[in-house]
Amino acid sequence: MASIQVSPSPAMVDEKLTIIVTGLNVRSKVTIRSFVTEGRFKFEAHAHYVVDHRGEIHIAEQPSHGGTYTGVEPMGLFWGMQSCPGQRQGIRYMKLDVTTPASTTLSLHKGHLDTSTLQDDQPITTTTVDRWYMAKNVQRIPIRHGRIRGVLFKPKGPGPFPGVIDLFGAAGGCIQIRAALLASHGFAAFALAFFGYEDLPKAAWNLDCEYFEEAVDYFSGISYIETGGIGVVGVSTGAMVALLMASLYPDKISAVVSISGPVAMFPFPLLLKGEVMEYIGWEFDRVQKGPDGGYMMRYAADSLQIAPEGAKIKVEKARNLLLIYGDADVNWPTDEHTSEAIKRLDAHGHRGYKMLCYHGAGHLIEPPYAPTTSVSLFKGDITVWGGTPKPHADAMEDSWKHILEFLSNHVGNRTLNTEYSWIKSLL
């Protein structure tokens, strides 16, 4: 009798799974399908396999001959997921409630079937694997302190733990997937909201930098947060804020991870001590459209060559930096901005940075083994983020390892944190 075996099960989202199918006819053709729901939305992937001489399929060893992906891809059934037919264009997978698992059904089907046929085909056998962003030993704590809002995740126990503030971008709200995973790796991670959440401003326009300083001071002062400096991780607009925070408060922030981040103020101004900060301009008329009609926003921004100097973030004042981007990003000119950051850092003799560029990856480089997103709905419009599934999935997997290592080396009471006297002259 055919069966699908998955280990470990349950698992963390960033764990690579071993999937083996047994009890099959040698050399027969089968399709393996993955399926998950998030709210009212449905996502799936499928792959075509030929059963080996043992009557088995080992996903980590054998190639897919067609379907959502091809080749040997141990986690292709997860990163290769797409929205199911019949849903609105641009639906993106995003786990909203990290206290529940992403329960994924794997099903086995006779023959090499396409997406349309799979919708009604009766599977030979199925199994379900629960994949978690939040480990069992992690606490989730909603934060309402003064005007600071967000959700804090920490390992159970008194600590102290290295502390990380996590920021997402212009979508607003309080996205918690990365903070929950970081806490599952031993960090105390604060998913900091800064607009579009609870009683915070509805838009990001003219937010004041003191809000972020207050968040840093509050978080750093918690008894179970290690001294020595916290880390900040940000993606897109959140990365811009993270870099700005690290440049303004280097004695408080020991490490920053910028994922697809601008190194100049964009697309809106912030306030610093009540004064509007300079920012680079953009023109919607310069926006280009992709083949599917989605907006490619990278062409709207003014070049850094004509940007006012006051709009450029003084990244050289930050202590330790990890700069991550994909060279197929069409949402933001991250290649130009990262190049500018490196020039500034080198010109000032900065020795505490690392840059990772991923060929074929787009804008939304997130924790690994989740569905990749190259096009999605954003603020009611179809937006093109760039990248193609396989190289983008590889970027998500590789960058996550580097992020965890970087934060482990540079946050809290780590020797590498405290040896930054060389940067004092730059402050």
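Since the structure is predicted, the reported quantities are computational estimates derived from the model, not experimental observations.

Draft legend 1. Layout of the environment of V36. Within the secondary structure layout, V36 lies in strand β4 (residues 29-38). Since its relative accessible area comes to 2%, V36 is described here as buried. Residues V36 and I148, spaced 112 residues apart in sequence, show a C-alpha to C-alpha distance of 34 Å. Beyond its immediate stretch of four places on either side in the chain, V36 contacts F41, K42, F43, M81, Y93, A102, S103 and T104.

Draft legend 2. View of the packing of helix α3 (residues 177-184) against helix α7 (residues 389-410). Following both chains from N to C, one finds α3 and α7 inclined at 60°, their axes separated by 12 Å at the closest point. For the element pair α3 / α7, the angle class is oblique. Relative to α7, the crossing made by α3 is right-handed. For the pair formed by α3 and α7, the contact residues are R178, L181 and L182 on the first element and W400, L404 and L407 on the second. Residues of the contact of α3 with α7, tallied by class, amount to five nonpolar, no polar and one charged.

Draft legend 3. Highlighting unusual backbone geometry. Residue S7 is joined to P8 through a cis peptide bond whose omega torsion reads -10°. By the element assignment, P8 lies in the loop between β1 (3-7) and β2 (11-12). In this chain, S9 is followed by P10 through a cis amide linkage whose omega measures 0°. Take P10: it is sitting in the loop between β1 and β2.

Draft legend 4. Representation of α7 in the model. Along its 22 residues, α7 runs 31 Å from first to last C-alpha, staying within 8% of the 32 Å computed at 1.5 Å per residue. After α7 finishes, the residue G412 shows a positive phi value of roughly 80°.

Draft legend 5. Representation of the side chain of R131 in the model. Position of R131 relative to the elements: it lies in strand β9 (residues 125-132). For the buried residue R131, which engages in no salt bridge, the nearest side chain bearing the opposite charge is D14, 7.7 Å off. One polar contact links the side chain of R131 to the main-chain carbonyl oxygen of V13, over a distance of 2.9 Å. Not counting chain neighbours up to four residues away, the residues in contact with R131 comprise A11, V13, L17, M75, F78, P101, A102, T104 and Y369.

Draft legend 6. Representation of the sheet that holds strand β3 (residues 18-22). Ordered in space as β1-β3-β6, the three strands form an open sheet in which the pairing is antiparallel. Lying at the two open borders of the sheet, with one neighbouring strand each, are β1 and β6 (57-58). Relative to β3, β1 runs antiparallel, the two being bridged by five bridges. By the bridge assignment, Q5 is partnered in β3 with I20.

Draft legend 7. How the structure looks around the state of the cysteines. All told, the structure shown has zero disulfides when counted by the stated rule. Summary of cysteine pairing: C174 is not part of a disulfide, and the nearest cysteine sulfur, belonging to C209, is at 20 Å.

What counts, and at which threshold
- Residues numbered from 1 in each chain as written.
- Predicted model: local features only at pLDDT ≥ 70, side-chain atom pairs only at ≥ 80, totals over all residues.
- Heavy atoms only, no water.
- Helix = DSSP H or I, 4+ residues; strand = E, 2+ residues; numbered from the N terminus.
- Buried < 20%, exposed > 50% of the residue type's maximum accessible area, 1.4 Å probe, protein only.
- Contact = heavy atoms within 4.5 Å.
- Axes fitted to C-alpha atoms, helices over the stretch in contact; angles between N-to-C directions.
- Parallel < 35°, antiparallel > 145°, perpendicular 65-115°, else oblique.
- Left-handed = near helix turned anticlockwise from the far one by under 90°.
- Nonpolar A, V, L, I, M, F, W, Y, C, P; charged D, E, K, R; others polar.
- Expected span 1.5 Å × (residues − 1).
- Lys, Arg positive; Asp, Glu negative; His and termini not counted.
- Salt bridge = Lys/Arg side-chain N within 4 Å of Asp/Glu carboxyl O.
- Polar contact = N/O pair within 3.5 Å; in protein donor to acceptor, adjacent residues only side chain to side chain.
- Pairing = 2+ DSSP bridges.
- Disulfide = S-S within 2.5 Å.

Without other data, these values stay purely geometric and don't point to any function.
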